[in-house]
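# Structure at a glance
Here's the letter readout for the chains.
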Amino acid sequence: MYYCTIYSSPIGELTLGSDGAALTGLWLEGQKYFGGRENVWQRCDGLPVFASARQWLDAYFAGKAPPVSPLPLAPQGTVFQQEVWQLLLEIPYGTTTTYGTLAAQLAQRRGLSRFSAQAVGSAVGKNPISIIVPCHRVVASDGALTGYAGGIPRKEWLLCQEGIKMANGKVSRQQ
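Keep in mind the model is a prediction, meaning the values are calculated, not measured.

Quick notes on the rules
Residues numbered from 1 in each chain as written. Predicted model: local features only at pLDDT ≥ 70, side-chain atom pairs only at ≥ 80, totals over all residues. Heavy atoms only, no water. Phe/Tyr/Trp six-rings, centres within 6.5 Å; stacked < 30°, edge-to-face > 60°. Helix = DSSP H or I, 4+ residues; strand = E, 2+ residues; numbered from the N terminus. Buried < 20%, exposed > 50% of the residue type's maximum accessible area, 1.4 Å probe, protein only. Contact = heavy atoms within 4.5 Å. Axes fitted to C-alpha atoms, helices over the stretch in contact; angles between N-to-C directions. Parallel < 35°, antiparallel > 145°, perpendicular 65-115°, else oblique. Salt bridge = Lys/Arg side-chain N within 4 Å of Asp/Glu carboxyl O.

Under the definition given, this model contains 8 aromatic pairs. Relative to Phe61, the ring of Tyr7 has its centre 6.3 Å away and its plane inclined at 20°; by these criteria the two rings are stacked. Linking Tyr7 in strand 1 (residues 2–9) with Phe61 in helix 1 (residues 48–61), this pair joins segments that are 54 residues apart in sequence. Accessibility expressed as a relative area gives 14% for Phe61, which makes it buried. Taken together, a centroid distance of 5.4 Å and an interplanar angle of 80° make the contact between Tyr60 and Phe61 edge-to-face. Classification of Tyr60 by relative accessible area gives buried; the value is 0%. Counting every residue linked through ring pairs, the aromatic cluster contains Tyr7, Trp56, Tyr60, Phe61, Tyr93 and Trp157.

Attention now moves to the environment of Val124. Relative to the helices and strands, Val124 is located in helix 4 (residues 117–125). Contacts of Val124, omitting those with residues within four sequence positions, involve Val84, Leu88, Tyr99, Leu102, Cys135 and Val138.

Turning our eyes to something else, we now look at the environment of Pro70. Considering the arrangement of structural elements, one finds Pro70 in the loop between helix 1 and helix 2 (79–89). Its relative accessible area of 60% is what places Pro70 among the exposed residues.

Another point: the packing of helix 3 (residues 99–110) against helix 4. Two elements in contact, helix 3 and helix 4, have axes separated by 8 Å at closest approach and are oriented at 105°. Considering the angle they form, helix 3 stands roughly perpendicular to helix 4. Between helix 3, through Tyr99, Gly100, Leu102, Ala103 and Leu106, and helix 4, the contact on the second element is made entirely by Ala117, Val120, Gly121 and Val124.

Next up on the list: the pattern of salt bridges. What the rule picks out here adds up to 5 salt bridges. For Arg43, the salt bridge is made with Asp45, and the minimal N-O distance between the two is 2.7 Å. Overall, Asp45 belongs to the partly exposed group, its relative accessible area being 37%. Here Glu83 and Arg110 are joined by a salt bridge, their closest N and O atoms 2.4 Å apart. In this pair, Glu83 is assigned in helix 2 and Arg110 in helix 3, connecting sequence segments 27 residues apart.

Remember, this is a structural readout, not a statement about activity or role.
Have a look at this one:
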């Protein structure tokens, strides 16, 4: 059985999903690849994992950098997607990285000379736990805001929330 709850945030309603023990999803309203289907999910606001996620989100939207480690996360995806999502968790609050940098990190971990930034971008875009698994911190090599399933305006809002400076729709400099 899968459960969901709604969290009202400054960027709209967020749907949180759980398997009963861990957080399996956090989707922005209207997000591409939205996993919270009403016929699959049972509304259950009182799960402890949802209380923990709400506390995390409250701190985040209050301008703090809460640690992710106490949250039980269980995003569903391929082995490759899981590797990419783990890299996303390593991007510090208030900083950005590029798809190419993530591809280079993945290549190094796998003992390869290089890896496709496009493949990494596809996995980043399918991250089912938005905001907490910070896919919004990944930008194009020139700092452009590209590829956010929740929409570019929300990506920009989240980056600004973390103190990242923007100019002309781009990160001012890689931070």
